Number of protein chains: 2
Amino acid sequence: MTVTGSRGRRERLRAETTAEIKKVALALMASGGPDAITLRAIAREMGMTANAIYGYFPTRDDLVTTLINDVYTALADAVDTAWEATPSADPAVRIEAWANAFRTWALINPQGFRLIYGDPVPGYQAPEGGPAPDAAHRVCTGLTALAAAAWPHARHLYQDSAFDWSDFDPGLLGKVRPAFPDLPPAAVALALRIWGHLHGLVSLEVYGHMRTQTTSPEKLFQEELAQLMRMLGIPRQR
Amino acid sequence: MTVTGSRGRRERLRAETTAEIKKVALALMASGGPDAITLRAIAREMGMTANAIYGYFPTRDDLVTTLINDVYTALADAVDTAWEATPSADPAVRIEAWANAFRTWALINPQGFRLIYGDPVPGYQAPEGGPAPDAAHRVCTGLTALAAAAWPHARHLYQDSAFDWSDFDPGLLGKVRPAFPDLPPAAVALALRIWGHLHGLVSLEVYGHMRTQTTSPEKLFQEELAQLMRMLGIPRQR
DNA sequence: GCGAAAACTATACGCCGTGAAGTTTCTGTA
DNA sequence: TACAGAAACTTCACGGCGTATAGTTTTCGC
């Protein structure tokens, strides 16, 4: 046993190489978009042969799946952090922090956003289970926390919601219901719709479709937040 | 001069070939997604050499640009038709018709939706001007018509909107302002935000991100429409 | 009927993912 | 400590991609 642990030496090297592959892949993605993630480019960057990567990832799609997981987790971390870093007394401020963190992350990591939410890469097909849905559930759970924080104000607006628990994915509910035991299905539906609103504006902006419509997507998003408060029945501040 | 017009014979064949290339490309896209649009595959399907296509489109991206234009125009036609086919007396019904046409088109043509709004194809970069922005402006104008129809109800909700005409693209305003001379900037901002809402929900559904959250995206969308009416100040029907 | 232009093919280059086989380097054990 | 075997990595190969260049066939206008 050395200081680093002789038993793990080979595994340590392996883990380092795996990490480097991912790091290089993310760098390529950041500079050239998801399509720039090619085994050959990664290998070139690392001074290896493309086929060497097959010792670490069985196929390029598996590498991409791993990256999606990492990036999605980073997004979930970013919004969770923003949420938790904001005082919980005023739900409006917290919600604004969450939403702004979401948009800001997307604008700083547009390629990551594309990787997660777009056609990730030429012929890529998302695997059924896997950890990416987990991160998606984390984001949705965060949104539900948002809805839960506002629910005292919002509930009277969604009395006639037709939603039932059976309308939602069990995996999502397994996270959401324990965390918010008193919340009705209508609140989860509300959370998903808020997701849709934010995702829509942000993805139009990230993909450049707003550029030919408005010069100030920022202003549009802030007005969206103001209305989000109305939608949640939260009275206007200041 | 023959019956078909001898002068145009060569040009007619040319037009027919161009049309066939586009037709085959769209078929490939419908079955295999935007990435399946390959010059070689098109040529194979047509019994030609891949290079023959260069006589019709200078590059693959130009072909894709043309397709985007066509598909985007088809989408714009679909929503315009739905709008015009609905009696104008009741704005709620008209707006619902528009939004449902948008979603229905996307669900029937998911690959087309991806082509328009996603990373269209591996390394594709959208050209600056071109006719695709035109179709986008048509869609936005349709949305503005929607906002305009509801504006008598909605205006009091958006008194404090901070928008100015300079916040919008001149090309868009060139279409919108003549069509709706009395509409303020706030209404255009409202239209863009509605676009965001609908786009968000539909794109999450089309890209499969809703599948791991809810089993009834349809219900979610209908509730979205109900709230859209509230957002526009339109009183509940029935 | 013929010259020119248009339509198309052949060949080639450099990308890509990936499979099969071979080579080097390390490691646990006899 | 020597060595079998595993792990890491390279080499070579195949087929697919966009596209540039050069050559061939077909067609049209005069």
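Draft legend 1. Region of interest: the relation of the copies chain A and chain B. In the superposition of chain A on chain B (RMSD 0.1 Å, axial shift 0.0 Å), the rotation amounts to 180°. In symmetry terms, the pair is related by a two-fold rotation axis. Among all C-alpha atoms of chain A, that of glycine 200 of chain A lies closest to the rotation axis, at 1.6 Å. Comparing interface residues between copies, 100% of those in chain A also lie at the interface in chain B; the contact surface is shared.

Draft legend 2. Seen up close, the packing of aromatic side chains. Tallied over the entire structure, the rule returns 13 aromatic pairs over all chains. Taken together, a centroid distance of 5.7 Å and an interplanar angle of 25° make the contact between phenylalanine 163 of chain A and phenylalanine 168 of chain A stacked. Measuring from ring centre to ring centre gives 5.8 Å for tryptophan 98 of chain B and phenylalanine 102 of chain B, while their planes differ by 10°; the resulting arrangement is stacked. Of this pair, tryptophan 98 of chain B and phenylalanine 102 of chain B both sit in helix α4 (residues 91–108), four residues apart, roughly one helical turn. Among the aromatic residues, those joined into a cluster by ring pairs are Tyr72, Trp98, Phe102, Phe113, Tyr117 and Trp195 of chain B. Just above the ring of tryptophan 165 of chain A sits the side chain of arginine 177 of chain A; from NZ or CZ to the centre is 4.0 Å.

Draft legend 3. Quick peek at the packing of α4 of chain B against helix α5 (residues 110–117) of chain B. All names here are of chain B. In the contact formed by α4 and α5, the axes pass within 4 Å of each other and the chain directions differ by 105°. The orientation of α4 with respect to α5, classified from their angle, is roughly perpendicular. Contacts from Phe102, Trp105, Ala106, Leu107 and Ile108 in α4 reach Pro110, Gly112, Phe113, Ile116 and Tyr117 in α5. Residues of the contact of α4 with α5, tallied by class, amount to nine nonpolar, one polar and no charged.

Draft legend 4. Structural context of the protein's contact with DNA strand C. The local shell around DNA strand C holds 18 residues, among which Arg40, Arg44 and Asn51 of chain A together with Asn51 and Tyr56 of chain B are the closest. Contacts to DNA strand C include arginine 44 of chain A, whose side-chain N or O atom sits 2.5 Å from a phosphate oxygen. In this structure, tyrosine 56 of chain B approaches DNA strand C through a side-chain N or O atom, which is 2.5 Å from a phosphate oxygen. The set of elements that each furnish at least two residues to the surface near DNA strand C consists of α1 (9–32) and α2 (39–46) of chain A together with α1 (9–32) of chain B.

Draft legend 5. Main features of the protein's contact with DNA strand D. Looking at DNA strand D, there are 18 residues lining it, with Tyr56 of chain A together with Arg40, Arg44, Asn51 and Thr59 of chain B nearest. Restricting attention to atoms of DNA strand D within 4 Å of the protein, one finds that 60% of them are sugar or phosphate atoms. Within the side chain of arginine 14 of chain A, a nitrogen or oxygen atom sits 2.9 Å from a phosphate oxygen of DNA strand D. Residue asparagine 51 of chain A places a side-chain N or O atom 3.0 Å away from a base oxygen belonging to DNA strand D. Contributions of two or more residues to the surface near DNA strand D are made by α1 of chain A together with α1 and α2 (39–46) of chain B. Counting residues per element, the surface near DNA strand D draws most heavily on α2 of chain B, which supplies three residues. Here the residues of the surface near DNA strand D are counted per class, giving five nonpolar, five polar and eight charged.

Cut-off values and rules
- Residues numbered from 1 in each chain as written.
- Chains lettered and ligands numbered in written order.
- Predicted model: local features only at pLDDT ≥ 70, side-chain atom pairs only at ≥ 80, totals over all residues.
- Heavy atoms only, no water.
- Least-squares fit on C-alpha atoms with pLDDT ≥ 70 in both.
- Contact = heavy atoms within 4.5 Å.
- Phe/Tyr/Trp six-rings, centres within 6.5 Å; stacked < 30°, edge-to-face > 60°.
- Helix = DSSP H or I, 4+ residues; strand = E, 2+ residues; numbered from the N terminus.
- Lys NZ or Arg CZ within 6 Å of the ring centre and 35° of its normal.
- Axes fitted to C-alpha atoms, helices over the stretch in contact; angles between N-to-C directions.
- Parallel < 35°, antiparallel > 145°, perpendicular 65-115°, else oblique.
- Nonpolar A, V, L, I, M, F, W, Y, C, P; charged D, E, K, R; others polar.
- Near = heavy atom within 4 Å.
- Polar contact = N/O pair within 3.5 Å; in protein donor to acceptor, adjacent residues only side chain to side chain.

Interpretation note: all reported values are geometric properties and have no functional meaning in isolation.
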